[in-house]
Amino acid sequence: MADNFREYREKLLSTDYPPWRNLLSCLALAVLSTGAVLAWWYAYFTLPETACHKGTLYVSVLWLVVQWVVIGYLYWFRDIPAFARAAIKLLILTANIWFGLFIFALKPCGV
């Protein structure tokens, strides 16, 4: 039992992460988070009913920059334990789901 716990603890605290996996996971996160924001920008600039949501457009720029900074941190620093790396990735993915739900739940202007 103690050996299983020790192995599990070592696995969670491991900072051994292959460079190719780090690159692919960070690239996938960057594409997904950028895609969520670009979907909003596309809707904002192509639909006249979204003109009153200019503040949300500015917030989405800040949202994207912060996500890129966190993804860059995940890419450049190798001393992040496995559990923290996985938690950060899950938080980014979950936050983008909530961002999409918020953005596309906005009412059109004039309604």
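Cut-off values and rules
- Residues numbered from 1 in each chain as written.
- Predicted model: local features only at pLDDT ≥ 70, side-chain atom pairs only at ≥ 80, totals over all residues.
- Heavy atoms only, no water.
- Helix = DSSP H or I, 4+ residues; strand = E, 2+ residues; numbered from the N terminus.
- Rg over C-alpha atoms; globule rule 2.2 N^0.38 Å.
- Contact = heavy atoms within 4.5 Å.
- Core = buried A, V, L, I, M, F, W, Y, C linked by side-chain atoms within 4.5 Å.
- Buried < 20%, exposed > 50% of the residue type's maximum accessible area, 1.4 Å probe, protein only.
- Phe/Tyr/Trp six-rings, centres within 6.5 Å; stacked < 30°, edge-to-face > 60°.
- UniProt positions renumbered as here; feature names shortened; annotations may be inferred.
- pLDDT = per-residue confidence, 0-100.
- Patch = residues over 30% accessible without salt bridge, like charges linked within 9 Å, V, L, I, M, F, W, Y side chains within 5 Å.
- Areas by Shrake-Rupley, 256 points an atom, 1.4 Å probe, with all protein chains shown as cover.
- Salt bridge = Lys/Arg side-chain N within 4 Å of Asp/Glu carboxyl O.

Let us look at the overall build of the chain. A count of helical and extended segments in the chain gives four helices and zero strands. Ordered by position from N to C terminus, the α and β elements of the chain give α-α-α-α. Relative to the compact-globule value of 13 Å for 111 residues, the chain shows a C-alpha radius of gyration of 18 Å, a clear excess of over 25%. In terms of overall dimensions, the chain has C-alpha extents of about 65 × 30 × 15 Å along its principal axes. The long-range fraction of contacts in the chain, counting pairs at least 24 apart against all pairs at least 6 apart in sequence, stands at 70%.

V37, W40, A43, Y44, L57, L64, F99 and I103 together form the largest nonpolar core, which totals eight residues. Of all the secondary-structure elements, those providing two or more residues to this core are α2 (19-46), α3 (54-76) and α4 (82-103). Element by element, the count of residues in this core is highest for α2, at four residues. Non-local contacts of I103, meaning those with residues more than four positions away in its chain, are made with W40 and T56. If you look at the next biggest cluster of nonpolar residues, it comprises seven residues, including C26, A30, I71 and I92.

Scanning all chains against the criterion turns up five aromatic pairs. Taken together, a centroid distance of 4.8 Å and an interplanar angle of 40° make the contact between Y73 and F77 tilted. Overall, F77 belongs to the partly exposed group, its relative accessible area being 41%. Between the aromatic rings of Y75 and W76, the centroid separation amounts to 5.0 Å while the plane-to-plane angle is 80°, which identifies the pairing as edge-to-face.

Bringing the UniProt feature "transmembrane region" (unreviewed entry) in the chain into the picture now. As recorded in UniProt, the feature "transmembrane region" (unreviewed entry) lies at residues 20-45, 57-76 and 82-106. Annotation note: span residues 57-76, helix share 100%, strand share 0%, distance between end C-alpha atoms 29 Å. Structurally, residues 82-106 comprises 88% helix and 0% strand, and the distance from its first C-alpha atom to its last is 37 Å.

This brings us to the confidence of the model for the chain. Note: predicted coordinates in regions of low pLDDT should not be interpreted at a detailed level. Averaged over every residue, the pLDDT of the chain is 87; the share at 70 or more is 98%. Ranking the elements of the chain by mean pLDDT puts helix α1 (residues 2-12) last, at 76, and α3 first, at 92.

A cluster of nonpolar side chains, Y8, L12, L13 and F83, forms an exposed patch at the surface whose accessible area comes to about 400 Å². Relative to the helices and strands, L13 resides in the loop between α1 and α2. Look at L13 and you get partly exposed, because its relative accessible area is 44%.

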